[in-house]
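An overview of the molecular structure
Letter by letter, the chains look like this.
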Number of protein chains: 2
Amino acid sequence: MNFAEKLRHNGQLVESKLEELLNDVNRTGAPERLVAAMRHGMLGGGKRLRPFLVIESAALFDVPSERTLACAVAVELVHGYSLIHDDLPAMDDDQLRRGKPTVWAAFDEWTAILAGDALQALAFQVLADTAISGNCDGLSAITLTRELAAASGAAGMVGGQAIDLESEKLSIPATPNVDHVTNLQAMKTGRLIRFSCEAGAVLAGHTGPERAALRQFGEHLGVAFQIADDLLDAEGDAERVGKAVAKDTEAGKATLVSLMGIDAAREALTRALNQAKAELKMFGKRAETLIAAAEFVASRDH
Amino acid sequence: MNFAEKLRHNGQLVESKLEELLNDVNRTGAPERLVAAMRHGMLGGGKRLRPFLVIESAALFDVPSERTLACAVAVELVHGYSLIHDDLPAMDDDQLRRGKPTVWAAFDEWTAILAGDALQALAFQVLADTAISGNCDGLSAITLTRELAAASGAAGMVGGQAIDLESEKLSIPATPNVDHVTNLQAMKTGRLIRFSCEAGAVLAGHTGPERAALRQFGEHLGVAFQIADDLLDAEGDAERVGKAVAKDTEAGKATLVSLMGIDAAREALTRALNQAKAELKMFGKRAETLIAAAEFVASRDH
């Protein structure tokens, strides 16, 4: 399979597993409307990049996808809940995502808040279940739970979103610089991407240089991802991107592109991509899928 | 120590541990304002009933409080995040809780949403950390993670809140009956109380009749708690209760009291209390603290 086929194949595995999980939730007595909102937010869209990184980083060590799928889905559930909450009127106030109405626009605000809350709980439930079902050893499951919570909490994804909104809504700091934007992006999107790459080593039971290399790979990949995202917002075509573009520019929001200019941002992107790839040297030819993933992240046009 | 002293003593342990955790979060790079909102929501208030149940159910088996505190705090973090979200304008629209402004009223809506999200992540992080630090064996930590996620997710606490709001805002069902209200209350508040009681047996490594008895105790205690809450709303004094009372009645919301009348509700409360106490027979005199807790829950006036 080439990269595009692998991305599609893994995406289908993730979609089926999410479908199965949400059906289970429905069967255990969750209200229909809440589950419908959870399905609306999670199914039928997205590149499933984070699960791809979990599955393919574990594949470096020959961990089969059946054993990594639960962790892959847990990361996607966390990512998905955060998008549902970020889209709320009190936060980014977005009505459109991936070409369809956001959860609050399709349902209402309270349903979107609760759907996000329930999806976060489901993420941790799924991770714990992998250990209970014997698909993952206990220590790995506990380590992944700890790291996923840290990557997504107040000092990770949620903290990054808070810094972003402080900047946008309260003008704190008054004049954001490159360091400020780099730090908030590392928290807001970088930490979960880094977690996804590192997870493969944890699932394989590696704690030494392999884990450190994948963690560093994820760190640089997160930077590349965010610069590419800023470039898309500045230059992208709304129809291809599937959501409003030039939003940041119109909101007067500081991004790496607005602070550095397009050319310098493109250079920083190339540098982050090369640093990411360099971290994979120890894995030789086995790492070609992750290298392709990094190139995809840096060059995507939607 | 008598019951009131134990409740105060455990409450202080929980408060110190929460304080320590939130200081740690601050040190790891979480933004000040977000941490301030998390502190506002979690510190300096509340009876800490759920942590008390975790600590005292584990004490039945002589598990010392140092080994149960993390789990106790994890439940309180989940309870606390849910209150912050429930108070939001899009949900219950409450400005006052425990005599002080709610988190969204003191900060703003987006900060309250993110503070809740971060507290939920922190709950699971704390549970995983107990196993990593060796304070809890891996299997117990994984079981508790799984059960806490299930108790608080779409088929538990969050699902119960969704059913409650569907009823209030969308009039679904058109005429709620006692079964409907009983089910939503069992999900919304009962599941977390039941988890707290069951957790003691899990922490002690008991999976047999001890765990089943504590689970049943928690089930009945949850019912008693909610009827007492409905009675407080119908009859309580706002100053003592520390939040708006007669809210349900004014909102025309169906409660067990409005559906059954005050006398029948009082009888149902006594029945639930007796059923709860009966489940503890196997523990003999050792269960007197939990019995006192059940009596406290049934008779509290704030």
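The name given to chain A in an unreviewed UniProt entry is Probable farnesyl diphosphate synthase, and the organism recorded there is Candidatus Filomicrobium marinum. The UniProt entry for chain A carries the following text under Cofactor (unreviewed entry): "Mg(2+)". The annotation that UniProt attaches to chain A under Sequence similarities (unreviewed entry) is "Belongs to the FPP/GGPP synthase family."

A separate point is the overall build of chain A. In terms of helices and strands, chain A carries 15 helices and two strands. Compactness check: chain A gives a C-alpha radius of gyration of 18 Å against a globular reference of 19 Å for 302 residues, within 12% of the reference. For chain A, the C-alpha atoms occupy an extent of roughly 50 × 50 × 35 Å along the three principal directions. In chain A, buried positions account for 59% of the 302 residues. When contacts within chain A are restricted to residue pairs at least 6 apart in sequence, long-range pairs at least 24 apart make up 74% of them. Surface summary for chain A: the accessible area is close to 11,500 Å², and the carbon and sulfur share equals 50%. The distance from the centre of the 31 positive side-chain charges to the centre of the 42 negative ones in chain A is 4 Å.

The transform that puts chain A on chain B rotates by 180° and translates by 0.0 Å along the axis, for an RMSD of 0.0 Å. Taken together, the rotation angle and the small translation identify this as a two-fold axis. No C-alpha of chain A lies nearer the rotation axis than that of A:Gly138, which sits 3.0 Å from it. When the interface residues of chain A are mapped onto chain B, 100% of them again fall at the interface, so both copies present the same face.

Moving on, we get to the interface of chain A and chain B. The parts lose accessible area when they come together, and the size of an interface is often stated as this lost area. Contacts between chain A and chain B engage 49 residues on the former and 49 residues on the latter. Here chain A meets chain B over a buried area of about 3,900 Å², counting both sides, of which 76% is carbon and sulfur. Among the residues of chain A in contact with chain B, A:Trp110, A:Ile142 and A:Arg146 are the three that bury the most area, contributing 17% of the side total. Joining chain A to chain B, the criterion identifies two salt bridges. B:Asp129 is the salt-bridge partner of A:Arg146, the closest N and O atoms lying 2.6 Å from each other. The tally of links between chain A and chain B comes to eight residue pairs in polar contact (both at pLDDT 80 or more). Looking at the side of chain A that touches chain B, the elements with two or more residues in it are α2 (32–42), α4 (65–86), α6 (109–132), α7 (138–152) and α8 (157–170) of chain A.

For the rest of this paragraph, the subject is the pattern of salt bridges. Residues and elements named next belong to chain A. If you walk through the whole model with that rule in mind, you get 38 salt bridges over all chains. Arg39 serves as the salt-bridge partner of Glu19, at 2.6 Å between the closest nitrogen and oxygen. A residue pair is termed long-range when its members are at least 10 positions apart, and Glu19 in helix α1 (residues 3–27) and Arg39 in helix α2 qualify at 20 residues. For Glu19, a relative accessible area of 27% corresponds to the partly exposed category. When its relative accessible area of 27% is taken as the criterion, Arg39 is described as partly exposed. Salt bridges sharing common partners tie together Glu147, Glu198, Arg211 and Arg215.

Right, let's talk about the packing of aromatic side chains for a bit. All names here are of chain B. If you walk through the whole model with that rule in mind, you get seven aromatic pairs over all chains. Aromatic side chains Phe3 and Phe296 sit 5.3 Å apart centroid to centroid with 50° between the ring planes, which places their arrangement in the tilted category. Taken as a pair, Phe3 in helix α1 (residues 3–27) and Phe296 in helix α15 (residues 288–299) lie far apart in primary sequence, 293 residues in all. Here Phe3 matches Phe296 in class, with each residue buried. Geometrically, the ring pair formed by Phe61 and Phe283 is edge-to-face, given 5.8 Å between the ring centres and 85° between the ring planes. In this pair, Phe61 is assigned in the loop between α3 (49–59) and α4 (65–86) and Phe283 in the loop between α14 (262–278) and α15, connecting sequence segments 222 residues apart. Residue Phe61 is classed as buried on the basis of its relative accessible area of 18%. Note on Phe283: relative accessible area 9%, which makes it buried.

Residues and elements named next belong to chain A. The contact between helix α3 (residues 49–59) and α4 brings their axes to 8 Å, and the two run at 155°. Relative to α4, the element α3 lies roughly antiparallel. The crossing of α3 and α4 is right-handed. The segment α3 lies against α4, with Arg50, Pro51, Val54, Ile55 and Ala58 engaging Ser65, Thr68, Leu69, Cys71, Ala72, Val75, Glu76 and His79. Grouping the amino acids of the contact of α3 with α4 by side-chain chemistry returns eight nonpolar, three polar and two charged.

Taking the UniProt record as the reference, the feature "coiled-coil region" (unreviewed entry) is found at residues 259–286 of chain A. Segment residues 259–286 of chain A splits into 68% helix and 0% strand. End C-alpha atoms: 37 Å apart.

Reading the values: the criteria
Residues numbered from 1 in each chain as written. Chains lettered and ligands numbered in written order. Predicted model: local features only at pLDDT ≥ 70, side-chain atom pairs only at ≥ 80, totals over all residues. Heavy atoms only, no water. UniProt positions renumbered as here; feature names shortened; annotations may be inferred. Helix = DSSP H or I, 4+ residues; strand = E, 2+ residues; numbered from the N terminus. Rg over C-alpha atoms; globule rule 2.2 N^0.38 Å. Buried < 20%, exposed > 50% of the residue type's maximum accessible area, 1.4 Å probe, protein only. Contact = heavy atoms within 4.5 Å. Areas by Shrake-Rupley, 256 points an atom, 1.4 Å probe, with all protein chains shown as cover. Lys, Arg positive; Asp, Glu negative; His and termini not counted. Charge placed at Lys NZ, Arg CZ, Asp CG, Glu CD. Least-squares fit on C-alpha atoms with pLDDT ≥ 70 in both. Buried area = accessible area lost by both parts, 1.4 Å probe. Salt bridge = Lys/Arg side-chain N within 4 Å of Asp/Glu carboxyl O. Polar contact = N/O pair within 3.5 Å; in protein donor to acceptor, adjacent residues only side chain to side chain. Phe/Tyr/Trp six-rings, centres within 6.5 Å; stacked < 30°, edge-to-face > 60°. Axes fitted to C-alpha atoms, helices over the stretch in contact; angles between N-to-C directions. Parallel < 35°, antiparallel > 145°, perpendicular 65-115°, else oblique. Left-handed = near helix turned anticlockwise from the far one by under 90°. Nonpolar A, V, L, I, M, F, W, Y, C, P; charged D, E, K, R; others polar.

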